[in-house]
Amino acid sequence: MTAGPDLVVRGMPRAVVLLIGAASTVVVIAGLMAASWLVGPLFLALVVVITVSPASQLLRRWGAPAWVATAVLVLLVYALLAGLVAVLVVSVAQLAALLPRYTARADDLVSSATAALGRFGVDTEHLRPAASSLDLNRVLGYVQALLSSVTGVGASVLFLLALLLFLSMEASGADARRNAVSADRPGIGIAIAGFVRGTRRYMLVTTVFGLIVAVLDGVALWLLGIPLPVLWALLAFMTNYIPNVGFVLGVAPPAILGLLEGDWRLMVGVIAVYGVLNFVVQSVIQPRFVGNAVGLSTIATFVSLVLWGWVLGPVGAILAVPLTLLTKAVLVDVDPRARWVDALLANSALVAVPERPAAEPPEADPSAGGGEQRDGAG
């Protein structure tokens with residue numbers, strides 16, 4: 001009998017195997033963090049191409065040449081990215097021009113809150129450092145810095161556009177490559193197909209519901225008189241890709257602006273409208289479709305959000321679910337011995353409980369002799 005890798009691993013103490021696996025995980029995570037400038041844009045471009053590639057495939061089924069389908073895919077991706085960046089730049093510029101008019105209002109609110117806490121026995125001396133940190137001029141500085149960073153990321157945008165171009169050109173041969181891999185390694189081919197299918201479903205479902213939430217939130221903010229409803233609708237659309245905590249990130253800026261524009265009633269109205277709309281769409285309807293699309297539990301989604309946000313930054317937070325699907329495809333789906341991990345990561349509604357086989361009757365003892373002698377006699 002040859003000593004295969006399974007026998008070598010089985011010969012090691014389990015603690016050593018766990019330590020080696022933990023050390024390898026730390027090294028991989030450190031490498032991803034060091035190369036986040038490359039991994040983040042590369043995976044973002046890959047997810048975008050995977051999401052919109054059905055349009056190219058549809059054109060090819062209709063008889064369009066391959067180069068026409070590729071050109072349409074590239075133009076579609078570039079148009080979506082250009083529109084998103086244009087709306088973001090214009091809206092942030094409008095926000096930077098709008099905030100100075102609320103400086104006096106913000107100072108009055110901070111002074112009133114400090115005085116109210118002082119009447120309840122809180123020492124105002126200890127509140128002064130916190131009150132000074134709430135200066136709206138600092139927020140204005142952050143917004144201006146954000147505007148400068150958005151308008152000054154030419155190199156990064158060009159790098160992302162180049163990645164999108166090359167990946168879009170390679171998308172036409174993706175099926176042939178996957179078939180070639182499946183012919184030699186069927187497990188890897190099935191895992192890759194599952195990753196592509198799950199990522200495409202997740203992005204399509206999240207995009208559709210993100211658009212619904214963004215339109216409803218934008219109309220509600222416009223009716224309430226909140227400035228820049230288009231910007232906050234765009235923010236609601238983008239934060240919809242962030243699982244679990246995206247709602248909080250999307251509601252905070254318009255709620256604060258509602259407090260500055262009116263009073264606490266307007267702020268509560270914004271929070272109430274967001275709460276109702278986002279609870280119905282994102283917490284009741286969307287999880288039914290997302291859970292069936294990716295098959296990840298809530299806790300697995302939240303842990304992936306924290307992990308990938310820490311490793312890759314904001315891009316990792318937005319793409320936490322597709323990154324987890326890729327990791328699951330590479331480490332779990334390709335190895336039949338690791339399929340038990342699916343039971344830990346999958347949505348409880350999708351976990352299949354295996355049926356226990358029926359109990360077999362005990363084998364007859366040949367030494368007893370009674371049963372077989374009777375059979376032979378019969």
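Everything below is about the structure printed above this text.
Residues numbered from 1 in each chain as written. Predicted model: local features only at pLDDT ≥ 70, side-chain atom pairs only at ≥ 80, totals over all residues. Heavy atoms only, no water.

Enquirer: Outline unusual backbone geometry, supporting the account with residue identities and numerical values.
Expert: Positive phi, close to 55°, is recorded for Leu228, a residue that is not glycine. Inspection of the secondary structure assignment puts Leu228 in the loop between helix H10 (186–224) and helix H11 (229–239). In this structure Leu228 comes out as buried when scored by relative accessible area, which is 15%. (Helix = DSSP H or I, 4+ residues; strand = E, 2+ residues; numbered from the N terminus. Buried < 20%, exposed > 50% of the residue type's maximum accessible area, 1.4 Å probe, protein only.)

Enquirer: Talk me through the pattern of salt bridges; I want residue IDs and the actual numbers.
Expert: Using the criterion set out here, one finds two salt bridges in the structure. Arg101 is the salt-bridge partner of Glu261, the closest N and O atoms lying 3.9 Å from each other. Of this pair, Glu261 sits in helix H12 (residues 246–261) while Arg101 sits in the loop between helix H4 (66–98) and helix H5 (103–119), placing them 160 residues apart in sequence. Accessibility expressed as a relative area gives 56% for Arg101, which makes it exposed. Among the salt bridges present, the one from Asp333 reaches Lys328, with a minimum N-O distance of 3.3 Å. Here Asp333 and Lys328 have matching classes, each one buried. (Salt bridge = Lys/Arg side-chain N within 4 Å of Asp/Glu carboxyl O.)

Enquirer: Describe the environment of Ala55, with residues and values.
Expert: By secondary structure assignment, the location of Ala55 is in helix H3 (residues 36–61). Each C-alpha atom, one on Ala55 and one on Ala69, is 8.0 Å from the other, the two residues being 14 residues apart in sequence.

Enquirer: Lay out the packing of H10 against helix H16 (residues 320–333) with the relevant residues and their values.
Expert: At a closest axis distance of 9 Å, the pairing of H10 and H16 adopts a crossing angle of 165°. Here H10 lies roughly antiparallel to H16, going by the angle between them. Seen along the crossing, H10 lies across H16 with a hand that is right-handed. Contacts between H10 and H16 pair Ala191, Phe195, Gly198, Thr199, Tyr202 and Met203 from the former with Val321, Pro322, Leu325, Leu326, Ala329 and Asp333 from the latter. Its residues placed into classes, the contact of H10 with H16 shows nine nonpolar, two polar and one charged. (Axes fitted to C-alpha atoms, helices over the stretch in contact; angles between N-to-C directions. Parallel < 35°, antiparallel > 145°, perpendicular 65-115°, else oblique. Left-handed = near helix turned anticlockwise from the far one by under 90°. Contact = heavy atoms within 4.5 Å. Nonpolar A, V, L, I, M, F, W, Y, C, P; charged D, E, K, R; others polar.)

Enquirer: How would you sum up the side chain of Asp217? Please name residues and give values.
Expert: Within the secondary structure layout, Asp217 lies in helix H10. With residues up to four places along the chain from it excluded, the contact list for Asp217 reads Ala236, Tyr274, Leu277 and Asn278.

Enquirer: Outline a nonpolar patch on the surface, listing residues and values.
Expert: On the surface, a nonpolar cluster with roughly 510 Å² of combined accessible area is contributed by Val245, Leu249, Ile299, Phe302, Val303 and Val306. With four residues, the top contributor of residues to the nonpolar patch is helix H14 (residues 298–312). Tracing the sequence through the fold places Val245 in the loop between H11 and H12. (Patch = residues over 30% accessible without salt bridge, like charges linked within 9 Å, V, L, I, M, F, W, Y side chains within 5 Å. Areas by Shrake-Rupley, 256 points an atom, 1.4 Å probe, with all protein chains shown as cover.)

Enquirer: Lay out the nonpolar core with the relevant residues and their values.
Expert: Within the largest apolar cluster, 25 residues are counted, with the highest numbers of intra-cluster contacts made by Phe43, Phe195, Trp308 and Leu323. Mapped by element, the contributors of at least two residues to this core are H3, H10, H11, H14 and H16. Of the residues forming this core, the biggest block, six residues, is contributed by H10. Setting aside its immediate chain neighbours within four residues, Phe195 contacts Phe43, Ile50, Pro322, Leu325, Leu326 and Ala329. (Core = buried A, V, L, I, M, F, W, Y, C linked by side-chain atoms within 4.5 Å.)

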